[in-house]
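# Survey of secondary and tertiary structure
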Amino acid sequence: MAGSNWMTIREQLYGQGCRLIKLIKAALGNTPSDSGPGKTPAPTPPPATSFLREVAGAEEGTPLPSPPPPMPNPNDPKYAGDPGAYEKDKQAAETAAAAFATAAKARGGAVAQVISKWLVTAPYAMFQELLAQPRDAMPIFKPAIGPVIVMRHPEVIRCLERTDLFTVDPYAAEMARATDDKTKHPEAYSHFMLGTDRDDLYRLDDVILRRAVSRSDEETLSRLTRDEAERWTHRAQAEGIGGIDVVPTLAKFVPLRIVGDYLGVHYYDFGTPSVLPGLRGGDRFPLDPDLQAVFSFGKITEGIVPTADDLFIWVKDAFRNIFNNFSPAHPLFAEFRERGVIATEYLSAYVFALLKHYKERLRQGETVPDTMLTRLLRMQLELERDGETLTDEFAARLGTPLTKDELAKRLSDSMIRSNVFGTAVGAVVNPQEATARILDSMLRLKDGEYEVLNGSSYEQAVRLANIEPDSPDYAESLAGLRKYALEALRLQPQGEVLLRLCVKDNTELGGVPLRAGTLVFAAYAAAMRDPETVPNPSAFDITRDERLVPYLGDRERAHEAPQSQIYLQHGYGRHKCLGRYASEITMRESLRAMLRLGSLERRGSLEMDEQNLYAMSLRIGFR
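The following paragraphs examine the structure supplied in this document. Owing to the predicted nature of the structure, the values given are computational and were not obtained by experimental measurement.

## Structural notes on the overall build of the chain
The secondary structure content of the chain amounts to 23 helices and 15 strands. Dimensions of the chain, computed from the C-alpha atoms along their principal axes, are close to 90 × 60 × 45 Å. Within the span of the chain, comprising 623 residues, buried residues form 58% of the whole. Of the contacts made within the chain by residues no fewer than 6 positions apart, 72% connect residues no fewer than 24 positions apart. Working note: accessible area of the chain is about 25100 Å², and carbon and sulfur atoms make up 52% of it. The positive charge centre, built from 75 side chains, and the negative charge centre, built from 85, are 2 Å apart in the chain.

Encoded structure:
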């Protein structure tokens with residue numbers, strides 16, 4: 001009974017903690033006094049109004065009774081011949097456990113409410129207050145009841161790299177919606193690699209997808225992103241109004257271009273012929289019987305060839321349902337769940353239609369675009385024709401034996417469909433907001449809101465942006481713009497935390513034990529401002545040591561670039577963003593295109609949507 005009551009408490013707290021995820025994206029950019037730079041936090045007592053004082057007040061207002069006694073053992077000799085005594089003790093233990101569970105639920109809700117408020121209104125004030133506490137007194141923020149906030153750099157890194165202790169399980173269930181229905185296809189996999197930490201599921205998918213999305217594609221990605229970014233800046237110049245709202249234009253369409261021309265999931269203007277024979281943008285098509293045989297459609301009865309708005313809405317709705325829609329108590333939970341499921345079905349139907357089209361063309365020996373989708377299909381065909389070579393290649397990367405049958409399952413139509421779906425869903429709204437926040441941060445730099453170090457300046461960034469490709473300094477200029485984008489985003493990051501679930505009892509973080517089932521917010525935004533690791537953390541400095549680490553460089557990540565332990569916007573460790581190369585190039589090229597417009601000036605603050613989750617507008621003037 002005691003164990004059962006503990007699980008009830010944990011599940012309640014898990015649900016309460018998950019409600020925070022929908023608020024996290026609102027953390028920066030809305031309150032200039034908080035989001036601008038400040039001095040390095042010092043270990044001084046908290047002010048009269050402080051996060052820790054409010055948590056203490058919430059805890060005082062929700063007292064906990066004494067822990068309930070263990071359930072009595074009916075075989076205890078003291079109950080021999082006295083069953084009434086056993087029943088009395090059992091009832092007392094159950095009553096005490098129920099009272100404790102009720103009090104714990106109230107306590108967890110009160111603490112969660114305080115955390116929610118500070119994440120929305122003053123996240124960096126909260127982070128700085130937590131970082132200012134002496135490490136030996138508060139290595140992490142762990143209330144008696146409620147979610148844990150991990151804010152110090154070493155502990156955040158530990159959360160992200162120890163996937164055996166801190167897992168991505170909270171994301172798994174909704175990701176599984178894009179996979180086959182096990183009632184129709186019992187042997188189907190039901191995972192996307194971002195939603196699993198099981199080695200037997202993750203590692204092979206990882207090497208397959210990182211072969212399809214490679215750091216060697218920099219030239220292609222640079223061309224695509226520059227072409228799309230400059231298409232929008234040139235259009236803004238041609239309009240003659242001296243301004244552009246970057247969120248619905250450049251910041252939105254550069255990632256959509258990546259999804260179309262690099263991942264292979266194209267959009268089309270309404271009425272424009274598509275690659276699907278006889279279909280145009282906006283046209284509807286029957287659901288494929290082969291897909292219906294393994295995938296359940298409960299919301300749609302036909303597919304759509306998407307326009308840009310269609311594809312963007314699908315990706316955004318699916319993303320929100322997976323990453324930002326956890327609490328059934330939220331008034332919009334049902335609507336967002338419905339929209340997420342509809343988006344998943346439309347996107348799955350469309351990706352499968354593209355898959356079948358390109359697969360047939362490849363079988364006929366025809367030329368197809370070089371995309372993630374067609375690269376996976378080429379691997380599938382290569383395995384069919386000469387399975388030993390490809391199997392040996394992946395076995396060597398993994399360092400473990402691999403059968404052709406197992407590789408064939410991972411390169412099935414179903415797995416290709418769900419992997420392309422998952423990659424596309426993660427490739428738009430985050431880069432869109434990142435671009436907006438980088439430009440917002442650069443305007444702050446221009447307006448003198450940051451302390452600057454080692455020659456970093458808005459003017460230097462403009463000079464780098466205007467270096468032409470035929471200059472001997474061109475490669476160096478691109479490297480410099482990348483650092484400006486990363487540093488700007490470090491100071492104004494999107495997302496601020498990553499969600500993890502502790503899965504082993506007595507797991508330690510900073511010497512603090514955690515129980516299995518504890519919800520953990522790994523505050524990478526705070527870690528990037530931890531003065532113990534990041535010198536002068538509130539200053540703008542493009543010369544920072546990135547502290548590059550060759551993560552699994554001697555194993556399956558041998559072909560990957562080292563990972564930065566300072567710039568954590570794309571995560572760290574196993575779940576470092578699959579699209580990190582495309583994302584960094586998108587950031588760099590979008591910044592370059594905007595800085596080449598001329599002298600930029602702010603014409604409005606960065607505006608978020610009604611839930612404070614997604615960027616909606618950032619108006620910038622130029623002359």
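## Some remarks on helix H9 (residues 199–212)
Compared with an ideal rise of 1.5 Å per residue, which puts 14 residues at 20 Å, H9 spans 20 Å between its outermost C-alpha atoms and is within 8% of the ideal. Turning to H9, its buried residues are Leu201, Tyr202, Arg203, Leu204, Asp205, Asp206, Val207, Ile208, Leu209, Arg210 and Ala212. Considering only its buried residues, H9 is in contact with helix H11 (250–263), helix H15 (372–385), helix H16 (387–398), helix H17 (404–410) and helix H18 (413–425).

## Focus on the pattern of salt bridges
Oppositely charged side chains are able to pair whenever their charged atoms sit close together. In this structure the tally under the stated criterion is 53 salt bridges. When the shortest N-O distance is used, the salt bridge between Arg337 and Glu174 registers 3.4 Å. Note that Arg337 is positioned in helix H14 (residues 333–363) and Glu174 in helix H8 (residues 172–175), a separation of 163 residues in sequence. For Arg339, the salt bridge identified is with Asp317, shortest N-O distance 3.2 Å.

## Considerations on the sheet that holds strand S1 (residues 148–150)
Ordered by their spatial adjacency, 4 strands build an open sheet running S1-S9-S6-S2, and the pairing between neighbours is mixed. In this open sheet, the two strands that pair with only one neighbour each are S1 and strand S2 (166–167). By the bridge criterion, 4 bridges tie strand S6 (residues 498–502) to strand S9 (residues 519–522) in an arrangement that is antiparallel. Residue pairing in the sheet places Leu501 in a bridge with Leu519 of S9. Relative to the sheet, helix H7 (residues 153–161) contacts S1, S2, S6 and S9, its axis offset from that of S9 by approximately 120 degrees.

## With respect to the packing of helix H4 (residues 51–60) against helix H5 (residues 83–121)
Following both chains from N to C, one finds H4 and H5 inclined at 160 degrees, their axes separated by 9 Å at the closest point. Here H4 lies roughly antiparallel to H5, going by the angle between them. Considering how the two elements wind past one another, H4 and H5 form a crossing that is right-handed. Residues Phe51, Glu54, Val55, Ala58 and Glu59 of H4 touch H5, and the partners they reach there are Arg107, Ala110, Val111, Val114, Ile115, Lys117 and Trp118.

Each value, and the rule that gives it
- In this convention, every chain numbers its residues from 1, walking through the sequence in written order.
- Per-residue local features of the predicted model are confined to residues with pLDDT of at least 70, and side-chain atom pairs are confined, for both listing and counting, to 80 or more; whole-chain, interface and lining totals are unaffected and use all residues.
- For side-chain calculations, the full set of non-hydrogen atoms in the structure is used, while hydrogens and water are omitted.
- Each helix corresponds to a stretch of at least 4 residues labelled H or I by DSSP, and each strand to a stretch of at least 2 residues labelled E; elements are numbered beginning at the N terminus.
- Only protein chains enter the area calculation, which uses a 1.4 Å probe; residues under 20% of their type maximum are buried, those over 50% are exposed, and those in between are partly exposed.
- We call two residues contacting when some pair of their heavy atoms lies within 4.5 Å.
- Surface exposure here means Shrake-Rupley accessible area, sampled with a 1.4 Å probe, where a residue is shielded only by the protein chains that are shown.
- We treat Lys and Arg as the positive residues and Asp and Glu as the negative residues; His and chain ends play no part in the count.
- Here the site of a charge means NZ on Lys, CZ on Arg, CG on Asp, or CD on Glu.
- What a helix is expected to span follows from its residue count: subtract one and scale by 1.5 Å.
- Any Lys or Arg side-chain nitrogen found within 4 Å of a carboxyl oxygen on Asp or Glu counts as a salt bridge.
- By the convention used here, strands pair only if DSSP detects at least 2 bridges between them.
- Here an axis means a line fitted to C-alpha atoms, over the contact stretch when the element is a helix, while the angle between two N-to-C directions is reported on a 0 to 180 degree scale.
- Under this scheme an angle from 65 to 115 degrees is roughly perpendicular, one under 35 degrees roughly parallel, and one over 145 degrees roughly antiparallel; angles in between are oblique.
- Helix crossings get a hand from a simple test, with the near helix turned counterclockwise from the far one by less than a right angle marking a left-handed crossing and a clockwise turn marking a right-handed one.

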